[in-house]
Amino acid sequence: MQLAQHTADRLTAGLSQLIRAGRHLSHAAAHELYGDLPSFGWAVLVPLERDGEQRCSALAAGLGVDGSVASRQVAALERAGYVQRRPDPSTAGPA
C-alpha cells in the first residue's frame, strides 16, 4: 500500500510530536521522583529498585548498554549518593 506524500509527512510529524511528548513526560517524572538526578539516572535506578541488587553486567544487559557504560553511570550515581557499590559476594575471595 502506497501512502500519499502528505499522509506520510503528517504521520512523521505526529510521531515526532509523540516522541517529544514522551521525552518531556519521562524527564518530568524523573525530576518529580528523583530531583536533580542525572538524565540517565532513573533508567538505572528503576531496575535496581524493581529487581534489587545485581551485578553491573546484569544491569547493563537489562538496560541494553555496554558494561562500561553501565559502570560509569553507576559510578556517577554512587558519587551523588544514590547507590552504594560493593563486591559481589559470590566472586569474593576467602576472608
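First, a word on what this report is: a plain description of the structure on this page. (Residues numbered from 1 in each chain as written. Predicted model: local features only at pLDDT ≥ 70, side-chain atom pairs only at ≥ 80, totals over all residues. Heavy atoms only, no water.)

Some words on the packing of helix H2 (residues 41-51) against helix H4 (residues 67-79)
Phase 1 of the analysis: The interhelical angle for the contact between H2 and H4, taken along N-to-C directions, is 90 degrees, at an axis separation of 10 Å. As far as their axial angle goes, H4 and H2 are roughly perpendicular. Along the contact surface, H2 presents Gly-41, Val-44 and Leu-45, while H4 presents Gln-73, Val-74 and Leu-77.
Phase 2 of the analysis: Of the residues belonging to the contact of H2 with H4, the class tally is 4 nonpolar, 2 polar and no charged. (Axes fitted to C-alpha atoms, helices over the stretch in contact; angles between N-to-C directions. Helix = DSSP H or I, 4+ residues; strand = E, 2+ residues; numbered from the N terminus. Parallel < 35°, antiparallel > 145°, perpendicular 65-115°, else oblique. Contact = heavy atoms within 4.5 Å. Nonpolar A, V, L, I, M, F, W, Y, C, P; charged D, E, K, R; others polar.)

Details of H4
Phase 1 of the analysis: Between its terminal C-alpha atoms H4 stretches 18 Å, which fits the 18 Å expected from 13 residues at 1.5 Å a residue.
Phase 2 of the analysis: Of the residues making up H4, those classed as buried are Ala-70, Gln-73, Val-74, Ala-75, Ala-76 and Leu-77.
Phase 3 of the analysis: In this structure, the buried residues of H4 make contact with H2 and helix H3 (56-63).
Phase 4 of the analysis: Positioned one or two residues after H4, Gly-81 has a phi angle of 90 degrees, which is positive. (Expected span 1.5 Å × (residues − 1). Buried < 20%, exposed > 50% of the residue type's maximum accessible area, 1.4 Å probe, protein only.)

Observations regarding the environment of Asp-51
Phase 1 of the analysis: You can see Asp-51 is positioned in helix H2.
Phase 2 of the analysis: Once the C-alpha coordinates of Asp-51 and Leu-33 are considered, the two residues, 18 residues apart in sequence, prove to be 18 Å apart.
Phase 3 of the analysis: Only 3.1 Å separates the side chain of Asp-51 from the side chain of Arg-50, close enough to count as a polar contact. (Polar contact = N/O pair within 3.5 Å; in protein donor to acceptor, adjacent residues only side chain to side chain.)

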